[in-house]
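Architecture at a glance
Listed below, chain by chain, are the residues.
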Amino acid sequence: MAEINQGVRETVNSQAAQAFYRTLSQAAISALTPIAAVLVALAFGALLLWLNGFNGSDVVTVMVFGSFQDIRSVGEILLKATPLILIGAGLCVAFRCSIWNIGAEGQLYVGAIAATLVGTSIDGLSVWVHAPLVMLAGALAGAAWAGIAGYLKVRFQASEIVTTIMLNYIALILTSYLVTGPMRDASAAYPQSARLVREAWTPRLVTDLRLHIGILVAVVLAVALYIFLRRSSRGFALRVVGLNPHAARYAGMNVARNVMIAMCISGAMAGLAGAFEVAGVTRRLYQNISPGYGFEGIAVALLAGNNPLAAILSGGLFATLRSGSEVLQITSQVPQVLVLVIQGIVILSVVAFAKLRDILRTVA
């Protein structure tokens, strides 16, 4: 009997040790693959600059460290990180549910349109009422726009990849139509809307910087979405649907409802990013208000491993690279085309290493 008990204890201890080492190895893989992706991308960027007659070391010394010259530079990085964190964290929810929302760019534009309408058509409200109302309008518009693709998915089994991409084009064309037509500021020389009333502006964190409170909202919402996915029954249902919708349906979960929730959450986050761009940065709507935040947010979510909490760090990383690209173009006279290619290499590297990370996790 004592020998049997001893054997049972050894088996339990062995299984516990194996589980511990498996968890430790998976954590190491999750931590090291994003770092490896960035290092490989920077190495290729340096090689590309060297082949074109520029100093390859500028990729690190200028593009990375040059972005942290002073407090204003850091503020610009955080300003660019705000929409990336919002979009990336929202897409983490959709991707966890195995819903490929490629329409964050269009949802951002629709959110910007709604925020502009609320910020220009209403007057006389307190800033404590008007500014949140602008944010709410942007989030609801983004959620509704994503909800269209979600409904087509659950009702007609239409591919969300196709529908969200098509909705991107509709949103961009709609924005161009509005700022050149019904919403155009007649006194402006370029296509743009009227300026938002001051009470609708997003308050700034520091008076002398463009950085606004959106960065705090983005971080808080990313943490909230992490808790939602990990600690709530609804978040658990979303993850189960993402892993196996047939098993989720057999367990009594409403798959269609969870798909719609995931789409609307990701759309609301993108729409909120658009509202912050209008109310916190440009103060009016333009044709090209986004430099591609919606598409870059996909890479942010992938680099974060579909973890909203990690999206804070990956969003900051991509914001640093974006700001560094601008510094590289100005200080080292690197053509914009090369800068865009380097940014593309970073995104491709991130996607490739995200897939490698998933493979290594299954092996570990």
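Labelled according to an unreviewed UniProt entry, the protein appears under the name ABC transporter permease, originating from Ensifer adhaerens.

Let us look at the overall build of the protein. When helices and strands are counted, the protein shows 13 helices and zero strands. Mapped from its N terminus to its C terminus, the protein presents α and β elements in the order α-α-α-α-α-α-α-α-α-α-α-α-α. By the burial criterion, 49% of the 364 residues in the protein qualify as buried. Within the protein, contacts between residues separated by at least 24 positions form 76% of all contacts whose residues are at least 6 apart in sequence. Here the protein has roughly 17500 Å² of accessible surface; of this, 67% comes from carbon and sulfur atoms.

Taken as a whole, the largest pocket encloses approximately 590 Å³ of empty space. Considering the residues around the largest pocket, the lining is formed by 20 residues, among which Phe95, Arg96, Gly305, Asn306 and Asp358 are closest to the centre. Residue assignment for the lining of the largest pocket shows that the elements contributing at least two residues are α3 (71–96), α8 (233–243) and α13 (336–363). Among the residues making up the lining of the largest pocket, the classes are represented as eight nonpolar, five polar and seven charged.

So, on to the packing of aromatic side chains. Two measures describe an aromatic ring pair: the distance that separates the ring centres and the angle between the ring planes. In the structure shown here, the tally under the stated rule is two aromatic pairs. Ring centres of Phe95 and Trp100 lie 4.6 Å apart, and the angle between their planes is 35 degrees; this geometry places the pair in the tilted category. With a relative accessible area of 38%, Trp100 lands in the partly exposed category. Just above the ring of Trp201 sits the side chain of Arg283; from NZ or CZ to the centre is 3.9 Å.

Together, Trp100, Ile161, Val162, Ile165, Met166, Tyr169 and Ile173 give the surface a local cluster of nonpolar side chains, amounting to about 710 Å² of exposed area. As for its placement among the helices and strands, Trp100 is situated in the loop between α3 and α4 (104–121).

As a further point, take the environment of Gly324. Along the chain, Gly324 falls in helix α12 (residues 310–331). Residue classification places Gly324 among the buried residues on the basis of a relative accessible area of 0%. Through-space distance from the C-alpha of Gly324 to that of Val62 is 6.8 Å; in sequence the pair is 262 residues apart. Excluding its chain neighbours within four sequence positions, the residues that come into contact with Gly324 are Met63 and Ser67.

This part covers the pattern of salt bridges. Summed over the entire model, instances satisfying the criterion amount to five salt bridges. Notably, a salt bridge pairs Glu160 with Lys153, separated by 3.2 Å at the nearest N-O pair. The buried category is assigned to Glu160, whose relative accessible area is 5%. Assessed through its relative accessible area of 23%, Lys153 is described here as partly exposed. Across the salt bridge formed by Glu296 and Arg322, the nearest N and O atoms sit 2.4 Å from each other. With Glu296 in helix α11 (residues 293–303) and Arg322 in helix α12, this residue pair connects regions lying 26 residues apart in the sequence. When its relative accessible area of 10% is taken as the criterion, Arg322 is described as buried. Each of Glu76, Lys80 and Arg210 takes part in salt bridges that share partners, so that together they form one network.

What follows covers the side chain of Ser193. On the secondary structure map, Ser193 appears in the loop between α6 (160–180) and α7 (214–231). Relative accessible area serves as the criterion here: at 1%, Ser193 is assigned to the buried category. Polar contacts involving the side chain of Ser193 include one to the main-chain amide nitrogen of Leu285, which spans 2.8 Å. Apart from residues lying up to four places away in sequence, Ser193 is in contact with Thr116, Val179, Met183, Asp185, Arg284 and Leu285.

Not every positive phi belongs to a glycine, and Ser98 is a case in point at roughly 60 degrees. Here Ser98 is to be found in the loop between α3 and α4. Backbone geometry at Arg283 places phi at a positive 65 degrees, although glycine is not the residue there. Tracing the chain through its elements places Arg283 in the loop between α10 (255–282) and α11. Owing to a relative accessible area of 7%, Arg283 belongs among the buried residues under this scheme.

For α3, spanning 26 residues, the distance from its first C-alpha to its last is 36 Å, which sits close to the expected 38 Å at 1.5 Å a residue. In the structure, α3 departs most strongly from a straight axis at Ala81, where the bend amounts to approximately 30 degrees and where the proline Pro83 lies between one and four residues downstream. For α3, the capping residue at the N-terminal end is Asp70, with a side-chain oxygen 3.2 Å from the backbone nitrogen of Arg72.

Checked against the element boundaries, Lys80 lands in helix α3. When near neighbours in sequence (up to four residues on either side) are disregarded, Lys80 contacts Tyr293, Ala319, Arg322, Ser323 and Glu326.

Take the packing of α7 against α10 next. It is at 11 Å that the axes of α7 and α10 come closest, and there the two elements cross at 175 degrees. Between α7 and α10, the angle is such that the two are roughly antiparallel. For the pair α7 and α10, contact is made by Gly214, Val217, Leu221, Leu225 and Phe228 and by Ile265, Met269, Leu272 and Phe276, respectively.

Definitions and limits used
- Residues numbered from 1 in each chain as written.
- Predicted model: local features only at pLDDT ≥ 70, side-chain atom pairs only at ≥ 80, totals over all residues.
- Heavy atoms only, no water.
- Helix = DSSP H or I, 4+ residues; strand = E, 2+ residues; numbered from the N terminus.
- Buried < 20%, exposed > 50% of the residue type's maximum accessible area, 1.4 Å probe, protein only.
- Contact = heavy atoms within 4.5 Å.
- Areas by Shrake-Rupley, 256 points an atom, 1.4 Å probe, with all protein chains shown as cover.
- 1 Å grid on protein atoms, 1.4 Å probe; cavity = no way out; pocket = protein on both sides within 12 Å on 5 of 7 lines; lining within 4 Å.
- Points joined across faces, edges and corners; volume = space filled by probe spheres on them.
- Nonpolar A, V, L, I, M, F, W, Y, C, P; charged D, E, K, R; others polar.
- Phe/Tyr/Trp six-rings, centres within 6.5 Å; stacked < 30°, edge-to-face > 60°.
- Lys NZ or Arg CZ within 6 Å of the ring centre and 35° of its normal.
- Patch = residues over 30% accessible without salt bridge, like charges linked within 9 Å, V, L, I, M, F, W, Y side chains within 5 Å.
- Salt bridge = Lys/Arg side-chain N within 4 Å of Asp/Glu carboxyl O.
- Polar contact = N/O pair within 3.5 Å; in protein donor to acceptor, adjacent residues only side chain to side chain.
- Expected span 1.5 Å × (residues − 1).
- Bend = angle between axes of the 7 residues up to and from the residue.
- Axes fitted to C-alpha atoms, helices over the stretch in contact; angles between N-to-C directions.
- Parallel < 35°, antiparallel > 145°, perpendicular 65-115°, else oblique.

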